[in-house]
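Single-letter residue listing:
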Amino acid sequence: MRALRRILAHELRAMHSLALWVARRRHGVAPGHSAAYTGPQTAMMYGFIFVSVVETVALAVLVPWPLVQAITLVIDVYGVLLMVALHASCVTRPHLVGPGGSLRIRYGALFDLRIRADEIVGARVERRYPEGRLIQPRGDGSLDLIVANQTTVAVELAAPVRYVRPLGKQGRARVVRFHADDPKALVHALTQVRTAPSPSPGPPV
């Protein structure tokens, strides 16, 4: 039941993201640096959507029974809508580097990890092609957030941080690897904020 509730919540957030996408708005983007991560998967997502649309039209023509045809059409149209909404959620929910050096790593409506500035030891560009699912814990205490079979940024943490997987299972990771379309810009933004000199105190009053 808990997993079902989380799935429904993910779908609702995805539909909300679809509305944001249509309105050309983004979710939770405050002052700071935002980083897209949809580049490697966009063509694949549109390919899946196209195939699904063709399948929907074909079944609507080939199925001879009106009731079955109607049920199949509703299911297929909702499936296509969910795929579009998933892509929209990834576009409208980018990674974020906060003004104070915090980091928010996201994947659409499915994954959201907030890391405080004081928890980050360092970040680097590191292109890898790992195997596994979207969210793949490793035996060495690291976590891969994989987009189209690749990650491009690695963030090292002072201590393991807690993350929550889409169906509610929790874990901890000391190193988080994820994909950004422009990893150099994200690492530069994060490093620049973290190494910026503190403002000098004003003259004594």
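Our structure is the block above this text.
The structure contained in this document is the topic of the report that follows. (Residues numbered from 1 in each chain as written. Predicted model: local features only at pLDDT ≥ 70, side-chain atom pairs only at ≥ 80, totals over all residues. Heavy atoms only, no water.)

Topic: the sheet that holds strand β8 (residues 151-164)
In step 1: On the basis of which strands lie adjacent, the open sheet formed by 5 strands has the order β5-β8-β9-β7-β6 and mixed pairing. With partners counted over all chains shown, the strands left at the sheet margins are β5 (120-128) and β6 (135-137), one partner each. Shown here is a sheet whose adjacent strand axes are inclined to one another by a mean of 35°, direction ignored.
In step 2: In the sheet, strand β7 (residues 142-145) pairs with strand β9 (residues 170-178) via 4 bridges, with the strands oriented parallel. (Pairing = 2+ DSSP bridges. Helix = DSSP H or I, 4+ residues; strand = E, 2+ residues; numbered from the N terminus. Axes fitted to C-alpha atoms, helices over the stretch in contact; angles between N-to-C directions.)

Here's the deal with the packing of helix α2 (residues 39-62) against helix α3 (residues 66-92)
In step 1: For the pair α2 and α3, the least separation of the axes is 9 Å and the interaxial angle reads 170°. As the angle between them shows, α2 and α3 are arranged roughly antiparallel. Between α2, through Q41, T42, M45, Y46, F48, I49, S52, V53, T56, L59, A60 and V61, and α3, the contact on the second element is made entirely by Q69, T72, L73, D76, V77, V80, M83, V84, L86, H87 and C90.
In step 2: Residues that form the contact of α2 with α3 fall into these classes: 15 nonpolar, 7 polar and 1 charged. (Parallel < 35°, antiparallel > 145°, perpendicular 65-115°, else oblique. Contact = heavy atoms within 4.5 Å. Nonpolar A, V, L, I, M, F, W, Y, C, P; charged D, E, K, R; others polar.)

Digging into the environment of A109
In step 1: Take A109: it is sitting in the loop between β3 (103-107) and β4 (111-115).
In step 2: Residue A109 is classed as buried on the basis of its relative accessible area of 9%.
In step 3: Spatially, the C-alpha atom of A109 lies 24 Å from that of L157, the residues being 48 residues apart in sequence. (Buried < 20%, exposed > 50% of the residue type's maximum accessible area, 1.4 Å probe, protein only.)

Focus: the pairing of β3
In step 1: In terms of burial, β3 is largely enclosed, as 5 of its 5 residues are buried.
In step 2: Neither face of β3 is exposed, since L103, I105 and Y107 on one face and R104 and R106 on the opposite face are all buried.
In step 3: In the sheet, strand β2 (residues 95-97) pairs with β3 via 2 bridges, with the strands oriented antiparallel. Paired with V97 across the strands is L103, a residue of β3.
In step 4: Where β2 folds back onto β3 in an antiparallel hairpin, the turn is made up of 5 residues, including G101, whose phi is positive at roughly 100°.
In step 5: Where β3 and β4 come together, 5 bridges link them in antiparallel fashion.

Some points on unusual backbone geometry
In step 1: Residues other than glycine seldom take positive phi values, yet A148 does so here, at roughly 50°.
In step 2: One can find A148 in the loop between β7 and β8.
In step 3: A positive phi angle, close to 65°, is found at N149, a residue other than glycine.
In step 4: Positionally, N149 belongs in the loop between β7 and β8.
In step 5: Look at N149 and you get exposed, because its relative accessible area is 52%.

Looking at the pattern of salt bridges
In step 1: If you walk through the whole model with that rule in mind, you get 8 salt bridges.
In step 2: With its nearest N and O atoms 3.1 Å apart, the salt bridge here joins D118 to R116. Of the two residues, D118 and R116, neither departs from the other in class, the shared state being exposed.
In step 3: Taken together, the salt bridges that share partners define one network made up of R124, E126, R128 and E156. (Salt bridge = Lys/Arg side-chain N within 4 Å of Asp/Glu carboxyl O.)

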